[in-house]
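Here is how the chains run, residue by residue.
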Amino acid sequence: MDSMIRRTGTTDVAQGTHARIDLAAISANTSILASAAKGTPVMAVVKSNAYGHGLVPAARAALAGGASRLGVAHLEDALALRRADITAPILAWLPLCQADYDAAILADIELGVETPWRLALITEAAERNCYPARVHLEVDTGMSRGGATRGDWPLLVEAARRAQGAGRITVTGVFSHFACSDIPGHPSITAQLDAFEEAVGYAAAAGVEPELRHLANSAALLTLPETHYDLVRTGLAVYGLNPVEALGDFGLRPAMTLCSTVAAVKRIPAGTGVMYGLTYRAPADTTVAVVPVGYADGLPRGAGTAGIELVVAGRRHRIAGVVGMEQTVLDVGQDLPSPGEEVVLFGPGDDGELTVVELARRLDMVPAEIVARIPATIPRIYES
Ligand SMILES: *Cc1c(COP(=O)(O)O)cnc(C)c1O
């Protein structure tokens with residue numbers, strides 16, 4: 001992919017908007033998570049272009065850091081990982097009706113299943129290819145997103161038992177997902193845990209006893225050891241995005257730094273309006289810097305209204321007016337940055353820039369929403 005640039009030295013600094021990805025941080029975060037899991041295997045979740053960090057390089061870094069499995073929503077992402085010669089077990093939990101189940105089985109992709117009719121599609125593909133499919137049965141323990149409801153669970157378990165008995169599938173896992181594991185003490189946590197226990201117990205009594213029971217996401221991995229079971233699935237924390245700020249930083253380091261460069265600089269007199277709607281008026285004679293980044297590049301439009309600061313030459317300067325589609329204006333006061341100078345939108349915070357977690361809090365967003373929305377066309381520069 002030509003949007004992937006590997007940094008070879010300090011001289012080939014990219015111009016325009018780009019994301020620097022610290023692969024060593026992804027590996028280090030993963031090993032912190034593996035320690036926190038105390039021997040329970042770790043699945044690194046790399047859905048949505050690895051939360052915007054770049055599917056294949058992020059997956060490799062997480063595996064190098066101690067993850068033994070990968071998880072994605074879409075089958076296409078799982079197949080892309082295989083095409084990159086990644087051999088670790090991969091689970092895709094959102095196979096769609098039109099998904100290519102034959103390709104999934106031939107590429108040894110494990111599939112999440114929540115209904116008997118989808119299980120039938122998978123079983124037929126397994127039969128056609130004379131190769132058993134590996135499936136993970138998903139149970140809805142209270143979030144009402146994926147998974148069989150309590151009422152539908154017996155039917156799914158029975159269908160799986162039969163298909164497994166016929167040698168068409170192997171039930172590798174039973175799993176569910178938390179709605180509020182990032183809210184310490186939320187009553188739904190124990191309710192979901194109890195519902196999971198019940199579902200696992202029901203399946204075992206019916207003769208379906210998979211090797212992997214899994215429920216924990218990043219927040220649960222770090223704060224609820226009783227939810228670890230046989231596998232933990234972690235996304236946010238792999239990328240250094242703290243899932244439960246209230247309970248510490250866990251030593252995680254944000255892996256993405258989003259940068260742009262100053263395109264133009266000019267002086268404007270006090271009172272001059274800036275950007276669409278002229279919602280910002282220069283409080284005094286000032287200098288503005290035009291930065292070629294906008295909401296089409298993943299900088300939320302509201303960052304302007306919220307007065308978010310970006311960093312130029314180690315100093316924070318607020319966005320003046322709204323964020324445009326591809327351009328944003330900074331009020332740099334009496335500073336005089338040169339065109340071409342680097343602008344840091346967010347990063348690990350080392351040079352005074354906001355972290356994604358801080359930015360999300362100020363914009364009433366979640367951190368994953370910010371990083372996952374950075375288009376794949378923005379170059380990623382991988383640093384290790
Ligand atoms: C996204 C996702 C995860 C990872 O959640 P984090 O909070 O990012 O750790 C785990 N499991 C499923 C099913 C998911 O959809």
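Check the entry above for the structure.
Reading the values: rules and limits
- Residues numbered from 1 in each chain as written.
- Predicted model: local features only at pLDDT ≥ 70, side-chain atom pairs only at ≥ 80, totals over all residues.
- Heavy atoms only, no water.
- Helix = DSSP H or I, 4+ residues; strand = E, 2+ residues; numbered from the N terminus.
- Rg over C-alpha atoms; globule rule 2.2 N^0.38 Å.
- Buried < 20%, exposed > 50% of the residue type's maximum accessible area, 1.4 Å probe, protein only.
- Contact = heavy atoms within 4.5 Å.
- Areas by Shrake-Rupley, 256 points an atom, 1.4 Å probe, with all protein chains shown as cover.
- Lys, Arg positive; Asp, Glu negative; His and termini not counted.
- Charge placed at Lys NZ, Arg CZ, Asp CG, Glu CD.
- Polar contact = N/O pair within 3.5 Å; in protein donor to acceptor, adjacent residues only side chain to side chain.
- Pairing = 2+ DSSP bridges.
- Axes fitted to C-alpha atoms, helices over the stretch in contact; angles between N-to-C directions.
- Core = buried A, V, L, I, M, F, W, Y, C linked by side-chain atoms within 4.5 Å.

Some points on the overall build of the chain
Looking only at helices and strands, the chain has 12 helices and 20 strands in total. Here the C-alpha atoms of the chain give a radius of gyration of 24 Å, agreeing with the 21 Å that 2.2 N^0.38 yields for 384 residues. Residues classed as buried in the chain amount to 53% of the 384 residues present. Within the chain, contacts between residues at least 6 apart in sequence are counted, and of these 66% link residues at least 24 apart. Accessible surface, the chain as shown: approximately 16,200 Å² in total, 54% of it carbon and sulfur. For the chain, the separation between the mean place of its 31 positive charges and that of its 42 negative charges on side chains is 2 Å.

Quick notes on the side chain of serine 260
Summarising the element assignment, serine 260 is placed in strand S11 (residues 256–261). Among the polar contacts made by the side chain of serine 260, one reaches the side chain of threonine 17 at a distance of 3.0 Å. When near neighbours in sequence (up to four residues on either side) are disregarded, serine 260 contacts Gly16, Thr17, Val291, Pro292, Val293, Glu341, Glu342, Val343 and Leu345.

Structural notes on the sheet that holds strand S7 (residues 133–138)
One open sheet accounts for 8 strands, arranged S9-S8-S7-S6-S5-S4-S3-S10; its pairing is parallel. The outermost strands of the open sheet, each flanked by one partner alone, are strand S9 (212–214) and strand S10 (232–234). Direction aside, neighbouring strands of the sheet carry axes that sit 30° apart on average. Sheet topology places strand S6 (residues 109–113) next to S7; 3 bridges connect them, and they run parallel. Along S7, the bridge assignment pairs valine 113 with leucine 137.

Considering the nonpolar core
Of all hydrophobic cores here, the largest spans 114 residues; its most connected members are Ile26, Leu81, Ile109, Leu137, Trp153 and Phe346. Core analysis: the next-biggest nonpolar cluster, separate from the first, contains 7 residues, Val274, Ala282, Val288 and Val329 among them.

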